[in-house]
Amino acid sequence: MNTALENCMEFVGDDDVIILIEDGVYAAAAKTAKSNLVERILNKNKVFALQADLRARGIESLIESVDTVGYEIFVDLIEQHTTQSWL
Amino acid sequence: MSDSDNIAPAKKVMIVVRRAPHGTIYVHEALEVMLIVAAYNMEVSVVFIDDGVYALKKGQDTSGLGTKAFMSAFRTLVDWEVENVYVDKSALEARSMDINQLTEIGVDDDTDELIMPKTLSARKIYDLMQQQDSILSF
């Protein structure tokens, strides 16, 4: 399993927004080994997941309060924030 | 010495898939190698471990990504004589998945029943690995 989200979480600020894209969307799936981590982040920060990446991976059951977004809102979020990619 | 004595026994080749399917090209490459190896006189087995189990998830729709929908080929593996397909049970459980969320690997010609991959413990997968002539990891 990838540890990008664990790394990201150590440096996340109060006003930061996290958007899960590509293989990152697996973290949005409900009841996995990563779910507790994402739920901890959700206590403080908004978490989004990109719809096209979810559909590509057949992920339907999401952690509650993770919002799905399309490419347009993804771009809006990038415009509104300073971005940092966790590859 | 008869002719049949000159034919070496089929090599046992295992393909191990441990990455998720769409973020990188590895799973697509693994699929191509499965089909190539199966076309030769080799005894091929395929094992999905770790994030590799996501490759067999049902209901993947890549139309929003603009990438090739290679996943459907997994549903016809048996037709290509790739019949020994195994999934690490604990990797499924860690992802809140079970066999019912996986795609079939073929359809039985006689009964029309779906042929599913088999779940195995990590220990059993280890045992299988010990029997191989070569292991290709993706």
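Our subject is the structure that appears above.
Residues numbered from 1 in each chain as written. Chains lettered and ligands numbered in written order. Predicted model: local features only at pLDDT ≥ 70, side-chain atom pairs only at ≥ 80, totals over all residues. Heavy atoms only, no water.

**Quick word on the environment of Thr119 of chain B**
All names here are of chain B.
Consideration 1: You can see Thr119 is positioned in strand 6 (residues 118-120).
Consideration 2: Residue classification places Thr119 among the partly exposed positions, given a relative accessible area of 32%.
Consideration 3: Residues Thr119 and Ser90, spaced 29 residues apart in sequence, show a C-alpha to C-alpha distance of 9.1 Å.
Consideration 4: Not counting residues within four places of it along the chain, the set of residues in contact with Thr119 comprises Val87, Lys89, Leu92 and Ile99. (Helix = DSSP H or I, 4+ residues; strand = E, 2+ residues; numbered from the N terminus. Buried < 20%, exposed > 50% of the residue type's maximum accessible area, 1.4 Å probe, protein only. Contact = heavy atoms within 4.5 Å.)

**What about the sheet that holds strand 3 (residues 84-88) of chain B?**
All names here are of chain B.
Consideration 1: One open sheet holds the five strands; their spatial order is 6-3-2-1-7, and the pairing between them is parallel. Here the strands that pair on one side only, and so sit at the sheet edges, are strand 6 and strand 7 (134-137). Between one strand axis and the next, the sheet turns through 25 degrees on average, direction left out of account.
Consideration 2: Strand direction decides the pairing type here: strand 2 (residues 42-48) and strand 3, joined by four bridges, are parallel. Among the inter-strand pairings, Phe48 is bridged to a residue of strand 3, identified as Val87. (Pairing = 2+ DSSP bridges. Axes fitted to C-alpha atoms, helices over the stretch in contact; angles between N-to-C directions.)

**Some details on the sheet that holds strand 2 (residues 46-50) of chain A**
Residues and elements named next belong to chain A.
Consideration 1: What the three strands build is an open sheet, ordered 1-2-3; its pairing is parallel. Each edge of the open sheet carries a strand with a single partner, namely strand 1 (17-20) and strand 3 (67-69). Neighbouring strand axes in the sheet, compared pairwise and without regard to direction, differ in orientation by 35 degrees on average.
Consideration 2: In terms of strand pairing, strand 2 meets strand 3 through three bridges, oriented parallel. By the bridge assignment for strand 3, Phe48 is matched with Asp67.

As far as function goes, none of this settles anything; it's purely spatial.
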